[in-house]
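Coordinates in review
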Amino acid sequence: MAIRSLFPTRIYTAALPRARAGALNARLLRECLQLARDDRAGRIWSRRNYPGGFTSYASASRMHTLSPTFDALRRVLDGHVRRFAAELEFDLGEKPLTMTDCWVNVMPRGVSHGLHLHPLSAISGTYYVRVPRGAPGLKFEDPRLDRYMGAPPRRADAAERNKAWVVMPASPGTVLLFESWLRHEVAANPTRDTRVSISFNYGWG
Ligand SMILES: [Fe+2]
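Residues numbered from 1 in each chain as written. Predicted model: local features only at pLDDT ≥ 70, side-chain atom pairs only at ≥ 80, totals over all residues. Heavy atoms only, no water.

**A short note on the coordination of the iron ion**
What counts is decided by this rule: Think of the donor list as every N, O and S atom within 2.8 Å of the metal, or within 3.2 Å for Na, K and Ca; water never makes the list, so a site can look incomplete. Here a helix means four or more residues in a row that DSSP labels H or I, a strand means two or more in a row labelled E, and each is numbered from the N terminus.
The protein atoms that coordinate the iron ion are His116 (NE2), His118 (NE2) and His184 (NE2), at distances of 2.1 to 2.2 Å. Each donor residue of the iron ion belongs to the same chain, and together they define the spacing H-x1-H-x65-H. Here His116 is found in strand β4 (residues 113-116), whereas its partner His184 is found in strand β9 (residues 184-186), with 68 residues between them in sequence.

What follows is the structure in C-alpha cells.
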C-alpha cells in the first residue's frame, strides 16, 4: 500500500542566534512596553478587543516604519520569509513579498487571544520578545476542520500530522511563520509575568 500526503500545512520556525536575539530583544522589549504606555488609542482599542492586554494592531500597526529597532527586525524577518516562500514554491514573479503590518502584543496574566486569521495577506507570523516559563505557544487549527463532516475524532496520542490542533511552543528570539489563511489562537497566559510578542503580515504585489 501507499499513502501520499497532499496539501500539507507548513509552519516555519527558526531561532535567531542567541547573542543577536538577546541584544535585539532588549531593545524591542523596551520599545514594546513604552508603546503600551504611550499609545492611548491602542489602549482604548485594546480595552474592548484585547481585554486585560495591549495590542497596537489598530493604532500603531506599521512599527517597522516608525522605529529603527523594528525595522532591524523587519530585515531579519525578510530573510526568513524569503526562505519560507522558496520552500512553499511560491511563483512570485517580479513582485517580492513585503512586510505590510507589524504590531505589538502585550499579554499579562490571564490574557488570551481568540481564534483568528489574517485576511488579505500572504505570509503572517510572530516573533517572540519575552515568553515567561509556562506561557502559552501558538495554537493552530486544521484548516479543513469545517469539512470534517462525519469524521471521527483523532486519538489523543495521534501523530502531530494527524491532529486537528497543534500548539507550537513560543520562546524568546524565535520566529514562527505560516500562511495567512491558517487560523490560530493564544491560550490565556497562566503565569504571573507578561508575555510580549510582535506579529506581522507580508503581502504580495
Ligand atoms: Fe494572529
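**Observations regarding the side chain of Ser197**
As a reminder, the rule being used: Every residue pair with non-hydrogen atoms within 4.5 Å of one another is taken to be in contact.
Along the polypeptide, Ser197 turns up in strand β10 (residues 195-204). The contact partners of Ser197, leaving out residues within four places of it in the chain, are Trp103, Val104, Asn105, Thr126, Tyr127, Tyr128 and Val129.

**Some thoughts on the sheet that holds β4**
Cut-off, in case you're wondering: If DSSP finds at least two bridges between two strands, the strands pair. Axes here mean lines fitted to C-alpha atoms, for a helix over just the part in contact, with angles spanning 0 to 180 degrees between N-to-C directions.
Across the sheet, which stays open at both edges, the four strands sit in the order β4-β9-β6-β7 with antiparallel pairing between neighbours. The open sheet has two edge strands with one neighbour each: β4 and β7 (165-168). Direction aside, neighbouring strands of the sheet carry axes that sit 20° apart on average. Two strands pair when backbone bridges link them, and β4 and β9 are joined in this way by two bridges, in the antiparallel orientation. Looking across to β9, one finds that His113 is bridged to Val186.

**Comments concerning the packing of helix α1 (residues 18-38) against helix α4 (residues 68-87)**
For any two helices packed against each other, one specifies the inter-axial angle together with the distance between the axes. For clarity, the cut-off: Here is the rule for angles: anything less than 35 degrees is roughly parallel, anything more than 145 is roughly antiparallel, 65 through 115 is roughly perpendicular, and the remaining ranges are oblique. Here a crossing is taken to be left-handed if its near helix is turned anticlockwise relative to the far helix by less than a right angle, and right-handed if that turn runs clockwise.
Between α1 and α4, the shortest axis-to-axis distance is 9 Å and the interhelical angle comes to 135°. When the interaxial angle is binned, α1 and α4 end up oblique. In terms of crossing hand, the pair formed by α1 and α4 is left-handed. Each of Arg20, Leu24, Arg27, Leu28, Glu31 and Cys32 in α1 lies in contact with α4, whose residues at this interface are Thr69, Phe70, Ala72, Leu73 and Val76.

**Some details on the packing of aromatic side chains**
We apply this condition: Any two of the Phe, Tyr and Trp rings considered here, Trp counted by its six-membered ring, make a pair once their centres fall within 6.5 Å; the pair's planes then place it as stacked at under 30 degrees, edge-to-face at over 60, or tilted in between. We call a residue buried when its accessible area falls under 20% of the maximum for its residue type, exposed when it is over 50%, and partly exposed in between, using a 1.4 Å probe and counting protein chains only. Charge-over-ring placement is defined geometrically: NZ (Lys) or CZ (Arg) within 6 Å of the ring centre, and within 35 degrees of the ring normal.
Under the defined criterion, the tally for this structure stands at five aromatic pairs. With a centroid separation of 5.0 Å and an interplanar angle of 65°, the aromatic rings of Tyr57 and Trp103 are classed as edge-to-face. Here Tyr57, found in the loop between β2 (54-55) and α3 (63-66), pairs with Trp103, found in strand β3 (residues 97-107); they are 46 residues apart in sequence, far enough to count as distant. By relative accessible area, which is 43% here, Tyr57 ends up partly exposed. A centroid spacing of 5.1 Å and a plane angle of 70° characterise the contact between Phe140 and Phe178, whose relative ring orientation is edge-to-face. Of this pair, Phe140 sits in strand β6 (residues 138-141) while Phe178 sits in strand β8 (residues 174-179), placing them 38 residues apart in sequence. Of the two residues examined, Phe140 and Phe178, each falls in the buried class. Here a set of aromatic residues connected by ring pairs shows up, and it is made of Trp45, Tyr57 and Trp103. Above the ring of Trp204, the side-chain terminus of Lys95 is found at 4.2 Å from the ring centroid.

**Some words on α1**
For an α-helix the count is 3.6 residues per turn, leaving residues at separations of three or four pointing the same way. Stated precisely, the cut-off is as follows: Any helix carries an expected span of 1.5 Å times its number of residues minus one.
With 21 residues, α1 extends 30 Å from end C-alpha to end C-alpha; this agrees with the ideal 30 Å at 1.5 Å per step. Listed as buried for α1 are Ala21, Leu24, Asn25, Leu28, Cys32, Leu35 and Ala36.

**Re unusual backbone geometry**
In this structure, Phe7 is a non-glycine residue whose phi angle is positive, near 55°. Residue position: Phe7 is located in the segment before β1 (11-15). By relative accessible area, which is 72% here, Phe7 ends up exposed. Within the chain, Leu120 stands out as a residue other than glycine whose phi angle is a positive 70°.

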